[in-house]
Amino acid sequence: MNPERLSSNDIINNMSLKNKFVRDQLVQPIFIHEDEKSESSIPGLGKNRILFKSNVIESISRDLKNGCRNFILFFVPKNKSNTRFNAEFQENILLKIKKEFDSEIVIWVDLCLCSFTKSGHCCLFEDQKINYTESLKIMSDIGLSYVRGGADGIAPSSMLNGIVNSARMKLDSHNFKHIPIMSYSTKFASNFYGPFRAAADSSPSFGDRTSYQLDYTDKENAIKSSIKFSDEGADLLMVKPGLLSLDLIEPIALKTKKPIGAYQVSGEYSSLVYLADNKLIDFDSGLLETWSSFKRAGAQYIISYGSRYAKRLGI
Ligand code: PBG
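Residues numbered from 1 in each chain as written. Predicted model: local features only at pLDDT ≥ 70, side-chain atom pairs only at ≥ 80, totals over all residues.

S.K.: Help me out: how do you make sense of helix α9 (residues 246-256) in this one?
M.R.: Note: α-helices contain 3.6 residues per turn, so residues at a spacing of three or four share the same orientation. All of the buried residues in α9 are Leu248, Ile249 and Ile252. Looking straight down α9, one finds that the buried residues subtend no more than 110° of arc, so they occupy a single side. Among the exposed residues of α9, those pointing more than 90 degrees away from its buried face are Asp247 and Leu254. Of the surrounding elements, those touching the buried residues of α9 are β7 (186-187), α8 (219-232), β8 (237-240), β9 (260-263) and α11 (283-297). Phi turns positive one or two residues past the end of α9, at Lys257, with a value near 60°. (Buried ≥ 20, exposed ≤ 12 C-beta atoms within 10 Å, placed from the backbone. Helix = DSSP H or I, 4+ residues; strand = E, 2+ residues; numbered from the N terminus. Arc of directions from axis to C-beta. Contact = placed C-beta atoms within 7 Å.)

S.K.: It is not clear to me how the site of the ligand should be interpreted in this structure. Could you clarify?
M.R.: Every residue near the ligand is listed here: Asp110, Cys112, Cys114, Cys122, Ser157, Tyr193, Phe196, Arg197, Arg209, Val265 and Ser266. The residue inventory of the shell around the ligand, partitioned by class, reads six nonpolar, two polar and three charged. (Near = placed C-beta within 6 Å. Nonpolar A, V, L, I, M, F, W, Y, C, P; charged D, E, K, R; others polar.)

S.K.: Mind showing me how you'd approach the pairing of strand β1 (residues 26-33) here?
M.R.: Strand residues, when the strand is regular, have side chains that alternate between the two faces of the sheet. Within β1, eight of the eight residues are buried, which leaves it mostly tucked inside the rest of the structure. Here β1 shows no split at all, with Leu26, Gln28, Ile30 and Ile32 on one side and Val27, Pro29, Phe31 and His33 on the other all buried. Sheet topology places β1 next to strand β10 (residues 301-303); two bridges connect them, and they run parallel. Bridge pairing links Val27 to Ile303 in β10. Where β1 and strand β2 (residues 70-76) come together, six bridges link them in parallel fashion. Counted as the bridge partner of Ile30 is Leu73 from β2. Taken together, β1, helix α3 (residues 56-65) and β2 form a β-α-β motif whose crossover is right-handed. (Pairing = 2+ DSSP bridges. Right-handed = clockwise from strand over helix to strand, strands pointing away.)

S.K.: Would you mind showing me how to read helix α10 (residues 266-277) here?
M.R.: With twelve residues, α10 ought to run about 16 Å at 1.5 Å a step, and its terminal C-alpha atoms sit 16 Å apart, in line with that. Buried residues of α10: Ser266, Glu268, Tyr269, Ser270, Leu272 and Val273, and no others. At its buried positions, α10 is contacted by α7 (194-200) and α11. Positive phi appears at Lys279, one or two residues downstream of α10, with a value of about 55°. (Expected span 1.5 Å × (residues − 1).)

Laid out in structure tokens, this is it:
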């Protein structure tokens, strides 16, 4: 564990502050599609839009003006494959973003294969079994490309055993020892990822994700999973879906002593959007209440589709 990974950057350092609620603890997800012709609206996610190389700078500039400077990127390539992957378009966009904003912002990149594979799965399968060796190698290589493009940190979300360790070793052996890993560490096979999968074009074409995501009825295993990814070398941990995992934050923090975040997932965020659209709640107050409950439960950082509104909400 290298504590400097979290302290050498202001924004990342703020993310892990305990007993404080500051704006840098809110991470804004951004979807970037390679195909400029794809649909940009995202059903359920309010004003969130799919972005492209041509408008990503403009969009981040707007967020930055509103004080939002911590982002997690989800890349969606034009062509899917089950065998050949590269991260060229992603690297190009990252270089463009970094050139424009440099250290004014922090860019995390979600590291997974579900938007890349024809199968829509987070990993590669062979004879209906997960091919660990190949999946880990490909993902770690892609992680390295993201960091070469200028990502400030990577966020492995596949939940594959060994992914954090293998991504860490890859970065370390290429002089990126200082780059932090934010691990999706307790991630359930949840019903609440629907709007995301539409945006990320990542629905599984067969089966479901229960062979690698966690069973939400099993508390003990949910806690163990975060401990495992912590032991693999994660710098930051995460529970997901956030609102449905509030009970897990404290036990994980006690066991690992590492900063933990909560991902307010697409289905959770959409519920607020729908309620507000139907005039059943006030959006801003409702959103703020959910964030406050993450903080009350002991989360350091929050990933939310409404992070860019933090200033408007008084944070
Ligand atoms: C990719 C990934 C998913 C989410 C974040 N990263 C989808 C999934 O696991 O199916 C979900 C986020 C959301 O619903 O907001 N593996």
